[in-house]
Every structure is written in structure tokens, then in C-alpha cells.
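# Descriptive structure summary
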Amino acid sequence: MFHKEGQKIIITAFFIVVAIILSAHFYIAIEWVKLAVQVASLTLLILILQFFRNPKRPVTPTFDEILAPVDGKVVVIEEVEEPEYFKDKRKQVSIFMSPLNVHVTRYAASGTVTYSKYHPGKYLVAWHPKSSTENERTTVILHTPKFGEIGYRQIAGAVARRIVNYAEEGEQVSQGQDAGFIKFGSRVDLFLPLDCDVAVKLDQKVVGAKTCIASIRKKDD
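Below is a short write-up of the structure. (Residues numbered from 1 in each chain as written. Predicted model: local features only at pLDDT ≥ 70, side-chain atom pairs only at ≥ 80, totals over all residues. Heavy atoms only, no water.)

Within the chain one finds 3 helices and 14 strands. Each of the three principal axes of the chain carries a C-alpha extent, and together these read 75 × 35 × 30 Å. Split into buried and exposed, the 221 residues of the chain put 46% on the buried side. Considering only residue pairs separated by 6 or more positions, the chain has 71% of its internal contacts joining residues 24 or more positions apart. In the form shown here, the chain has an accessible surface area of approximately 11,500 Å², with 61% of it arising from carbon and sulfur atoms. (Helix = DSSP H or I, 4+ residues; strand = E, 2+ residues; numbered from the N terminus. Buried < 20%, exposed > 50% of the residue type's maximum accessible area, 1.4 Å probe, protein only. Contact = heavy atoms within 4.5 Å. Areas by Shrake-Rupley, 256 points an atom, 1.4 Å probe, with all protein chains shown as cover.)

Rendered as C-alpha cells:
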């Protein structure tokens, strides 16, 4: 299953690759050169298909957990001052996606979209400390029943040049639902309340709509 954001690219790439393979077959006489061109073009098509894959991940929504919005590796866990919306301290959990990861963004929790804004910006490498505030990005805030308001930020990287965000203010969304797509290497920051318990560690690999990022802190903690 492939994401709808990749349909045009996949179709275009398919016809280009077919054209290259046929051209190589008829017009390249040297056998090893012909084979190299055909294999390289087919490999490129496979990489494009892999990038736009959209695996189905059934979710039973829970209000007690924040799930990973994307696949990738946890690169930041820290307390920060969030200046755009909350304007107070939040727990930030950042997930870096390489070009080989699934790039679908999924809602980390069920709730109501209270804020959704796109910001043009730079294209620093996604792990750069200033990428969260200076790169092209979208910021989305969800009001959830138990965590209150939580935020996530899609951030373009040095290669990623297009962020797709489906969140619309006032919309009711479900945990695990498709929330957008970031093309090529990128990052997503989560901004969570200080009284939640972060369930992941630095450098941990997480899976979108499956890995628990944070949970409600027990009253006796």
C-alpha cells in the first residue's frame, strides 16, 4: 500500500524507468552497460516505492497514552520553552526520520485540532538544534481529554522540501489517523505537558501509531 502523496511521483517514475529499460535494450550494444543501466533504473523505482509505502496499522485509541506520530529514532528528550503557542515549558520529544523510514505522519492522540499553522523557513539538517524554529515547518495543537493540549511539529530537513499537513482547526481526529506526510529526511517534535511520563529513551527506534511515547503520570508518583 502506498501513500496518496506519492501517486504522481510513482506513476511518473514507473514510465520513466520502463522507457529507460526499453531504450537500453534496443540501443545499448554492450551487454554489461545495458544491464547496469537497467538494474540502476529499477533500483531507483524500488527506492521510490519504499519511500512512499504506507503500512496499515490498526489502532485501538486510548486516552492514557501518546503514540509515536512517525517512524524513526528519538534524538531529543528535554524540557524546553515552547515560544510559538504554549509560551511555557513543555517536555519535547523529537523523532528523526531517515529517507528509509516510513514518512507518514499519524495523530499521536485523539482529540480536537485547536491550532494548525504552516511556517516557511530554512532547510537546515533535521537534527540541527535550530531546525525546530528556523526550518520550514508546520505546528499542530490537539486538545486531548486527559493530557490537555499537546503539540507536534513537522520539520523539513536538508533534503525534505515539502511538508503535507492535513490538520484543520476544529476537526475531531483519532489516534493513529493519517495526519500528513513529509517528503524525504525530516523530523517531528512532540510538545507534551510536564506532568506526563516519557516512555522512550534517546536513540530508541519508534514505530508510528505503535510505540508509546508518553503516558499519564500515576497519582502516587
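On to the packing of aromatic side chains, then. One pass over the full model with this rule turns up 7 aromatic pairs. Geometrically, the ring pair formed by Tyr-107 and Tyr-152 is edge-to-face, given 6.3 Å between the ring centres and 75° between the ring planes. Remark: Tyr-152 occurs in strand β7 (residues 148–156) and Tyr-107 occurs in the loop between β4 (104–106) and β5 (111–119); sequence separation between them is 45 residues. With respect to class, Tyr-107 is no different from Tyr-152; both count as buried. Each member of the aromatic cluster is reached from another via a ring pair, and the members are Phe-51, Phe-52 and Phe-181. The positively charged end of Lys-4 is found above the aromatic ring belonging to Tyr-166, 4.7 Å away from the centroid. Sitting over the ring of Phe-86, Arg-90 keeps its end group 3.9 Å from the ring centre. (Phe/Tyr/Trp six-rings, centres within 6.5 Å; stacked < 30°, edge-to-face > 60°. Lys NZ or Arg CZ within 6 Å of the ring centre and 35° of its normal.)

Among the secondary structure elements, Cys-212 is positioned in strand β14 (residues 212–216). In this structure the C-alpha to C-alpha distance between Cys-212 and Pro-69, which are 143 residues apart in sequence, comes to 9.8 Å. The residues contacting Cys-212, other than those within four sequence positions of it, are Glu-65, Ile-66, Leu-67, Ala-199 and Val-200.

A word on a nonpolar patch on the surface. On the surface, Ile-11, Phe-14, Phe-15, Val-18, Leu-22, Phe-26 and Tyr-27 cluster together into a nonpolar patch covering about 820 Å² of accessible area. Relative to the helices and strands, Phe-14 is located in helix α1 (residues 7–27). (Patch = residues over 30% accessible without salt bridge, like charges linked within 9 Å, V, L, I, M, F, W, Y side chains within 5 Å. Salt bridge = Lys/Arg side-chain N within 4 Å of Asp/Glu carboxyl O.)

Contact geometry for α1 and helix α2 (residues 31–51): axes closest at 9 Å, N-to-C directions at 170°. As the angle between them shows, α1 and α2 are arranged roughly antiparallel. Here Ile-9, Ile-10, Ala-13, Phe-14, Val-17, Ile-20, Ile-21, Ala-24 and His-25 of α1 lie close against α2, whose contacting residues are Lys-34, Val-37, Gln-38, Ser-41, Leu-42, Leu-45, Ile-48 and Leu-49. (Axes fitted to C-alpha atoms, helices over the stretch in contact; angles between N-to-C directions. Parallel < 35°, antiparallel > 145°, perpendicular 65-115°, else oblique.)

Glancing now at the sheet that holds strand β10 (residues 178–182). Read across the sheet, 3 strands follow the order β4-β10-β8 without closing on themselves; strand pairing throughout is antiparallel. Each end of this open sheet is capped by a strand with a single partner; those strands are β4 and β8 (163–165). Looking at each pair of strands side by side, their axes are set apart by 20° on average, direction ignored. Where β4 lies against β10, 3 bridges are found, and the strand directions are antiparallel. Among the inter-strand pairings, Thr-105 is bridged to a residue of β10, identified as Gly-180. (Pairing = 2+ DSSP bridges.)

Looking now at the pairing of strand β11 (residues 186–192). Among the 7 residues of β11, 7 are classified as buried, and the element is accordingly described as predominantly covered. Burial along β11 is two-sided: the face carrying Ser-186, Val-188, Leu-190 and Leu-192 and the face carrying Arg-187, Asp-189 and Phe-191 are both buried. Bridge count between strand β3 (residues 88–97) and β11: 7 bridges; the pairing is antiparallel. Counted as the bridge partner of Phe-96 is Arg-187 from β11. By the bridge criterion, 6 bridges tie β7 to β11 in an arrangement that is antiparallel. In the strand pairing of β11, Arg-153 is matched with Asp-189.

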